[in-house]
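# Summary of structural features
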Amino acid sequence: MSQTEKFISLERQYYAQVFPRHPVVLVEGRGAKVWDVEGREYLDLTAGWGVCCLGHSHPKIIEAIARQSKQLMQVSNLFYTVPQSRFAQRLVQACPDGIDRVFFVNSGTEAVEGALKLARRATGKTEIISTLNSFHGRTLGALSATGQPKHQASHQPLLPGFQFVPYNDLAAISEAITEHTAAVILEPIQGEGGVHVAETAYLRGVRELCDSRGILLILDEIQTGIGRTGAFLGCMHAHIVPDILCLGKGIGGGFPLAAFLASERVMRTCELGDHGGTYSGNPLACAVGDAVIETLLAENLAERAWDTGKAAMTRLRKIEAAFPTLIREVRGKGLLIGVELISDEAAKMVVSLGIERGVLYNRAAGNVIRLFPPLNIPEELLWHGLDAFGEILKEVA
Ligand SMILES: Cc1ncc(COP(=O)(O)O)c(C=O)c1O
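Residues numbered from 1 in each chain as written. Predicted model: local features only at pLDDT ≥ 70, side-chain atom pairs only at ≥ 80, totals over all residues.

### Considerations on the site of the ligand
- Taken together, 14 residues lie around the ligand, and Gly 108, Thr 109, Gly 137, Ile 222 and Gln 223 are the ones closest in.
- The greatest single-element share of the shell around the ligand, amounting to three residues, is contributed by helix H5 (residues 108-123).
- Residue composition of the shell around the ligand, by class: three nonpolar, eight polar and three charged. (Near = placed C-beta within 6 Å. Helix = DSSP H or I, 4+ residues; strand = E, 2+ residues; numbered from the N terminus. Nonpolar A, V, L, I, M, F, W, Y, C, P; charged D, E, K, R; others polar.)

Structure below.
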């Protein structure tokens, strides 16, 4: 039995069988590369679901973990800690004016739960408008906000009070607002839904609509935030600021960490005891988050993601022109790019042929190849990944 077979069989015996996995057991990662238990090397264009914004095992992250883990790893929330205060300041200061306070959690779905509770608390209303094809997480509140029946179907009944409208359709939001509406929740780019980009006019229109109708705007930037789209936050391209902001994934660079943030006006509606969490603001997680954001800003990685993303799109459009019957569309922003293929089968083939060639691609929404590599990926590695994609399409064709 090979090492790969051994660990796959242990997983099959002991782990909940909920993930459709590729037959690869990863043991090591550095920068944009990972290695499996057999010693095979892969270029990782998935970056742990877009999480490893600084690449795998970045020295600043290792250093922060080593330093803080020796000093203080966990305290109860009855006490202040240095990393929590420092990181709160750094994160809020990196966000646009109007985002004034933060609450730290462990995962994206918890950030969305906090945002939904806060929206209800701040408005005294209970209805939420979300979009079809959206993804906001898998705990019951976030799942109730997720506009994809395939995720919701086996968990009914979900929370009441969620309405779903088409994405990029401002009139549909306007019509859905009732006297009970607390908030609209949106992703600036629907990532899990297949990399669908919100139009700038739409985002600005939603902001104005929320203001004029007295409801809150929650932006779920768990996938689009932390430099991914070529700005610190995806909403910064449209020059709008949400009332409540959800961050996750890249914020910890690979360490489990997420956050919801809000304006002073909204966050001050929370009173002592309204929300909490054993690990909220865990000193180790905050020390890592602080190192991630410090590095991201010092190395201008959002701007870099913008430039690299533009060059990548140009290369992908050439590939699109060469395979007009295989590729439906290339879309995205910064280093969150989707290549929509003609079928799920074609996308599945790309992923498995990629593994054979030593390049990891991710498939979203069935037929979309989603590229979200580390923001600091060396260009020659990214071009190698895109060239390999072109070669693979020849085989698929
Ligand atoms: C936009 C968005 N919101 C929420 C989530 C849920 O985050 P997590 O898996 O960390 O709970 C995801 C995860 O992919 C996401 O992309």
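### Remarks on the nonpolar core
- Ranked by size, the top nonpolar core spans 113 residues in total, and within it Ala 119, Val 184, Leu 216, Ile 218, Ala 259 and Phe 260 carry the most contacts.
- The element best represented in this core is helix H11 (residues 283-298), accounting for nine residues.
- There are two domains that each give this core at least three residues, and those are domain 1 (3-57 + 301-396) and domain 2 (72-298).
- Dropping the residues within four chain positions of it, Ala 259 is found in contact with Leu 91, Val 102, Phe 103, Phe 104, Val 105, Ala 111, Leu 247 and Ile 251. (Core = buried A, V, L, I, M, F, W, Y, C linked by C-beta atoms within 7 Å. Buried ≥ 20, exposed ≤ 12 C-beta atoms within 10 Å, placed from the backbone. Domains from an automatic or database assignment. Contact = placed C-beta atoms within 7 Å.)

### A look at the environment of Gln 152
- When you line up the elements, Gln 152 lands in helix H7 (residues 149-152).
- Spatially, the C-alpha atom of Gln 152 lies 8.8 Å from that of Arg 138, the residues being 14 residues apart in sequence.
- Apart from residues no more than four positions distant in its own chain, Gln 152 is found in contact with Leu 143, Thr 146 and Leu 158.

### Focus: the domain arrangement of the protein
- Structurally, the protein comprises domain 1 (3-57 + 301-396) and domain 2 (72-298).
- Its C-alpha centre places domain 1 at a distance of 26 Å from the equivalent point of domain 2.
- Facing 27 residues of domain 1, the contacting portion of domain 2 comprises 23 residues.
- Looking at the side of domain 1 that touches domain 2, the elements with two or more residues in it are helix H2 (47-50), helix H12 (301-322), strand S13 (327-333), strand S14 (336-341) and strand S17 (368-371).
- By residue number, the principal contributor to the side of domain 1 that touches domain 2 is H12, which donates five residues.
- Taken together, the residues of the side of domain 1 that touches domain 2 break down into 17 nonpolar, six polar and four charged.

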